[in-house]
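Each chain, written out:
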Amino acid sequence: MVQAEMVGAMEFQELSMKHNVSGVPQTTINDGAANVVGAVPESNMLAELKRITAK
Amino acid sequence: MATLLNADVRKQIEDAFAPMKESVHVMFFGQKENCEYCADAQQLLEEVVEISEKISMTIYDLDDDADIAKNYNVDKAPGIVIAAKDGDVISDFGVRFAGIPSGHEFTSLIQDIILVSGRDSHLSDDTRDFLKALTEPVLLQVFVTPT
């Protein structure tokens, strides 16, 4: 159900541009449903996931 | 061909892999054209996999093995799947790398292999409960740069 992909921003610039990557790490959830910048604590990531899946 | 990992690094990885309990299977997807780092990424993984007998690897081509790539939801080259292996059974935990795992990402690669070998995500109970209840797939793409 969950896939986590590390994406080399330099190698996949088109995708980085699509998701407006300016700082790394940036975690893009479900193709742009949410973007989390920085290495955030697990609880923040969980809150973000809850927010977008609650829709 | 010259090796990408020197003896010091090799030794460090060997030490890091020493406590590994369960087996890990790495699936590498390359591509013949427009893939600047495929050859290097493949060589790097081959050198890493060689260090532990608990790690196996199969090599695929994104175009020639399109069915397998689709099955594992791999759409980029180099694309790497780090899966669990128990006997002949491969279990996909959803761990992927897109791009060559160099620089900091090399450490992430080694840690991911160890994590998958431990069969434990180390996530909190809250997170586990939430993920268990998911009804739609979630894709997390973590954009990184090598430095």
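Note that the coordinates shown come from a computational prediction; the quantities given were computed from them, not determined experimentally.

Some points on the overall build of chain A
At step 1: Assigned secondary structure in chain A consists of 2 helices and 3 strands.
At step 2: Going residue by residue from the N terminus, the α and β elements of chain A occur as β-α-β-β-α.
At step 3: Overall size of chain A, expressed as C-alpha extent along the three principal axes, is 30 × 20 × 20 Å.
At step 4: Expressed as a percentage of its 55 residues, the buried residues of chain A come to 24%.

Here we look at the interface of chain A and chain B
At step 1: Taken together, the contacts link 27 residues of chain A with 29 residues of chain B.
At step 2: The element best represented in the side of chain A that touches chain B is strand β1 (residues 2-8) of chain A, accounting for 7 residues.
At step 3: Broken down by class, the residue content of the side of chain A that touches chain B amounts to 14 nonpolar, 8 polar and 5 charged.
At step 4: In this structure, β1 of chain A lies alongside strand β5 (residues 138-144) of chain B, joined through 7 bridges in parallel fashion. In the sheet register, Met-6 of chain A faces β5 of chain B, and the bridge partner there is Val-142 of chain B.

Some details on the packing of helix α2 (residues 42-53) of chain A against helix α5 (residues 125-132) of chain B
At step 1: Packing of α2 of chain A against α5 of chain B leaves a shortest axis separation of 10 Å and a crossing angle of 25°. Viewed along their axes, α2 of chain A and α5 of chain B adopt a mutual orientation that is roughly parallel. For α2 of chain A against α5 of chain B, the interelement crossing comes out left-handed. Of α5 of chain B, the residues touching α2 of chain A (which contributes Glu-42, Leu-46, Leu-49 and Lys-50 of chain A) are Asp-126, Thr-127 and Phe-130 of chain B.
At step 2: Grouping the constituent residues of the contact of α2 of chain A with α5 of chain B by class yields 3 nonpolar, 1 polar and 3 charged.

A short note on the environment of Glu-136 of chain B
Residues and elements named next belong to chain B.
At step 1: Mapped onto the elements of the fold, Glu-136 is located in the loop between α5 and β5.
At step 2: Of the residues examined, Glu-136 has 7 C-beta atoms within 10 Å and is grouped as exposed.
At step 3: For Glu-136 and Glu-50, which are 86 residues apart along the polypeptide, the C-alpha to C-alpha distance reads 37 Å.

Quick notes on the confidence of the model for chain B
At step 1: Taken over all residues, the pLDDT of chain B has a mean of 96, while the share at 70 or more is 99%.
At step 2: The ipTM, which scores confidence in the relative placement of chains, is 0.96 for this predicted complex, and the corresponding pTM is 0.95.

A closer look at helix α4 (residues 104-118) of chain B
Residues and elements named next belong to chain B.
At step 1: For α4, built from 15 residues, the straight-helix expectation of 21 Å at 1.5 Å per residue is met to within 8% by its first-to-last C-alpha distance of 21 Å.
At step 2: Turning to α4, its buried residues number three or more, namely Glu-105, Leu-109, Asp-112, Ile-113, Val-116 and Ser-117. Down the axis of α4, the buried set is contained in an arc of 135°. They therefore lie on one face. The exposed set on the far side of α4, more than 90 degrees from its buried face, consists of Thr-107 and Gln-111.
At step 3: At the exit of α4 stands Arg-119, carrying a positive phi of roughly 55°.

What to know about the environment of Asp-126 of chain B
All names here are of chain B.
At step 1: Structurally, Asp-126 can be placed in helix α5.
At step 2: A residue is classified by how many C-beta atoms lie within 10 Å of it, and Asp-126, with 12 of them, is exposed.
At step 3: Sequence separation between Asp-126 and Asp-65 is 61 residues; the distance between their C-alpha atoms is 38 Å.

About the cut-offs
Sequence order as written defines residue numbering, which begins from 1 separately in each chain. Each chain takes a letter, starting from A, and each ligand takes a number, starting from 1, following the order in which they are written. The predicted nature of this model means local features are confined to residues of pLDDT at least 70 and side-chain atom pairs, given and counted, to a pLDDT of 80 or more, with totals for whole chains, interfaces and linings taken over all residues. Secondary structure is summarised from DSSP: a helix means a run of H or I of at least four residues, a strand means a run of E of at least two, and numbering begins at the N terminus for each. Three exposure classes are used, based on other C-beta atoms lying within 10 Å of a residue's own C-beta, which is placed from the backbone: buried for 20 or more, exposed for 12 or fewer, and partly exposed in between. Here, residues touch in the contact sense if the C-beta positions derived from the backbone fall within 7 Å of one another. The residue classification treats Ala, Val, Leu, Ile, Met, Phe, Trp, Tyr, Cys and Pro as nonpolar and Asp, Glu, Lys and Arg as charged. All others, Gly included, are polar. One bridge is not enough; two strands pair if DSSP finds at least two bridges between them. To get an axis, a line is fitted to the C-alpha atoms, and for a helix only the part in contact is used. The angle between two axes follows their N-to-C directions and goes from 0 to 180 degrees. Each angle is binned into one of four classes, with values under 35 degrees roughly parallel, values over 145 roughly antiparallel, values of 65 to 115 roughly perpendicular, and all other values oblique. Crossing chirality is assigned from the near helix's rotation relative to the far helix, an anticlockwise turn below a right angle marking it left-handed and a clockwise turn marking it right-handed. Per residue, pLDDT measures the predictor's confidence, with a range of 0 to 100. To estimate the expected span of a helix, subtract one from its residue number and multiply by 1.5 Å. Starting at the helix axis, one direction is taken to each C-beta atom, and the arc is that of these directions.

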